[in-house]
Structures are given as structure tokens and as C-alpha cells.
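Residue-level structural notes
Take a look at the letters that make up each chain.
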Amino acid sequence: MENEKMSIQDFFIFNCLEEKDLPLLHRWFQEPHVKKWWPVPKEKEDFFDSYLKRIHSTEISLYFVSYGNIPIGFLQAYPVDRSKETWLPKLPKNTIGIDQFIGEIDFVGKGYGTSFIKKFIDQLLAENNEMTVILDPDPRNKAAIRCYEKVGFVRVGIFPRKGDLALLMRYN
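Residues numbered from 1 in each chain as written. Predicted model: local features only at pLDDT ≥ 70, side-chain atom pairs only at ≥ 80, totals over all residues. Heavy atoms only, no water.

1. What about the pattern of salt bridges?
For the coordinates displayed, the defined rule picks out eight salt bridges. Note that Arg140 is salt-bridged to Asp138, the shortest N-O span being 2.5 Å. Since its relative accessible area comes to 52%, Arg140 is described here as exposed. The exposure class assigned to Asp138 is buried, which follows from its relative accessible area of 12%. One salt bridge in this structure joins Glu149 and Arg155, with 2.7 Å as the shortest N-O distance. Among the residues examined, Arg155 registers a relative accessible area of 51% and is labelled exposed. Sharing partners across several salt bridges, the network here consists of Arg27, Glu31 and Glu104. (Salt bridge = Lys/Arg side-chain N within 4 Å of Asp/Glu carboxyl O. Buried < 20%, exposed > 50% of the residue type's maximum accessible area, 1.4 Å probe, protein only.)

This is the structure:
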């Protein structure tokens, strides 16, 4: 019997976000390492209303990222051609945008983000290998950019977005 070695990616699970998950997601949005880079509605009610609409939307897919049975982060994916992002340059059909973060501070800076993003992209491309995957971090978020480059994203360029700047990156 051949002994297969398990990788860290084998332990990640992507569960669709549900209404019962919103209190934990809200708590993560209050964490300084998340709050610095992710805009969140100021009022708690606005947050819940916003994410309830997203949960029931067909335009966006929301996931809790778990390491084994421990929820550690959040990931959202959306078809770019149906999004309202007007700042983006012309992109190929079948382009998916993703955004993500690790909410649990004990899992930050240890390679978990790189691993779960890679697994998620592998799953997307297994469904459709003609797909283009992009993300758009703040150009000042050096840790996220390093993570994305480790996953295999390349820099496309910096673009103005809603009064700020975004670094467009494409999975290579």
C-alpha cells in the first residue's frame, strides 16, 4: 500500500456562508488586521442587511473557509462580467473575481492564506479551465500581495477605484 502524504490544502473546506455565520463574520470584520483593508458598514444592522442580501444573491458566492472544523476565514467569488465594477479594464469572458481574508489572527502569516486560495482556484479551474481569476488588493497591502504572488498571481497594473487605488492581479 502506497503511503500518500497529505498537504495543508487537504484540510481546507469551503462552506457556503449562511445567516447563522454572520455574527462570526461580523466579529472578524472588527479585527484590526481585517478592518485595515476591508470596508465594512459602520452600523451592525447595515452589516447584517448587506450580507443577508449577498447570501441570497445569485451574483456572488460567499464562503466560510475552515481548516478542518475550525472556521478561519472568508472568501467571496463573483463573475466580473456581471459585477458593477466599472474601474476594471477589459477582461476576458469567464473572468471570476475573488476577495478573501483570514479572520482568526492565530492563522495569519503562517501560509494558510496561500494554501486555501490555491485550493479554491484549483477547484474553480477544475470546473472550467478556460476561466480567468483576478483579485484587486490595495497596493499598500504588501503581505496580501506577497501571498497572492506565491499562489501564482501576477501584477496587471494599478487602477483608480472609488477614490483610491487597486492593484489588479491575474492568476497565471
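2. So, helix 3 (residues 44–55)
Across its twelve residues, helix 3 extends 16 Å between first and last C-alpha, which sits within 8% of the 16 Å expected from 1.5 Å per residue. Every buried residue of helix 3 is listed here: Phe47, Phe48 and Tyr51. Here the buried residues of helix 3 occupy an arc of 90° about the axis, which is enough to place them on one side. Residues Glu45 and Lys53 are exposed on helix 3 and point more than 90 degrees away from its buried face. (Helix = DSSP H or I, 4+ residues; strand = E, 2+ residues; numbered from the N terminus. Expected span 1.5 Å × (residues − 1). Arc of directions from axis to C-beta.)

3. Observations concerning unusual backbone geometry
Its identity as a non-glycine residue notwithstanding, Asn94 has a phi of 65°, on the positive side. Looking at where Asn94 falls in the secondary structure, it is placed in the loop between strand 3 (70–79) and strand 4 (95–102). You will see that Lys162, though not glycine, has its phi angle at about 45°, which is positive. Among the structural elements, Lys162 can be located in the loop between strand 6 (153–161) and strand 7 (164–171).

4. Focus: the packing of aromatic side chains
Taken as a whole and judged by the stated rule, the model has 24 aromatic pairs. Ring centres of Phe11 and Tyr67 lie 5.7 Å apart, and the angle between their planes is 50°; on these two criteria the pair is classed as tilted. A residue pair is termed long-range when its members are at least 10 positions apart, and Phe11 in the segment before strand 1 (12–16) and Tyr67 in strand 2 (residues 61–67) qualify at 56 residues. Ring geometry for Trp28 against Phe64: centres 5.0 Å apart, planes inclined by 45°, an arrangement best described as tilted. With Trp28 in helix 1 (residues 22–30) and Phe64 in strand 2, this pair connects stretches of sequence that are 36 residues apart. Neither Trp28 nor Phe64 differs from the other in exposure class; each is buried. Here the guanidinium or amino end of Arg54 rests over the ring plane of Tyr51, the centre of that ring lying 4.6 Å away. (Phe/Tyr/Trp six-rings, centres within 6.5 Å; stacked < 30°, edge-to-face > 60°. Lys NZ or Arg CZ within 6 Å of the ring centre and 35° of its normal.)

5. Remarks on the pairing of strand 6
Consecutive side chains along a regular strand alternate between the two faces of the sheet. Summarising the sheet, strand 6 and strand 7 pair through eight bridges and their orientation is antiparallel. Along strand 7, the bridge assignment pairs Arg155 with Met169. Between strand 6 and the antiparallel strand that follows it, strand 7, lie two residues; Lys162 among them carries a positive phi value of about 45°. (Pairing = 2+ DSSP bridges.)

6. So, the nonpolar core
If you look at the biggest cluster of nonpolar residues, it comprises 29 residues, and the most contacted ones within it are Ile98, Ile117 and Phe153. Among the secondary structure elements, those contributing two or more residues to this core are strand 1, strand 2, strand 3, strand 4, helix 4 (112–127), strand 5 (132–135), helix 5 (142–151) and strand 7. Per-element accounting of this core gives the leading share, six residues, to helix 4. When neighbours within four sequence positions are excluded, Ile98 is seen to be in contact with Gln76, Ala77, Tyr78, Ile117, Phe120, Ile121, Val133, Ile134, Leu135 and Phe153. In this structure, Leu22, Val40, Tyr51 and Tyr78 belong to the second largest nonpolar core, which totals 23 residues. (Core = buried A, V, L, I, M, F, W, Y, C linked by side-chain atoms within 4.5 Å. Contact = heavy atoms within 4.5 Å.)

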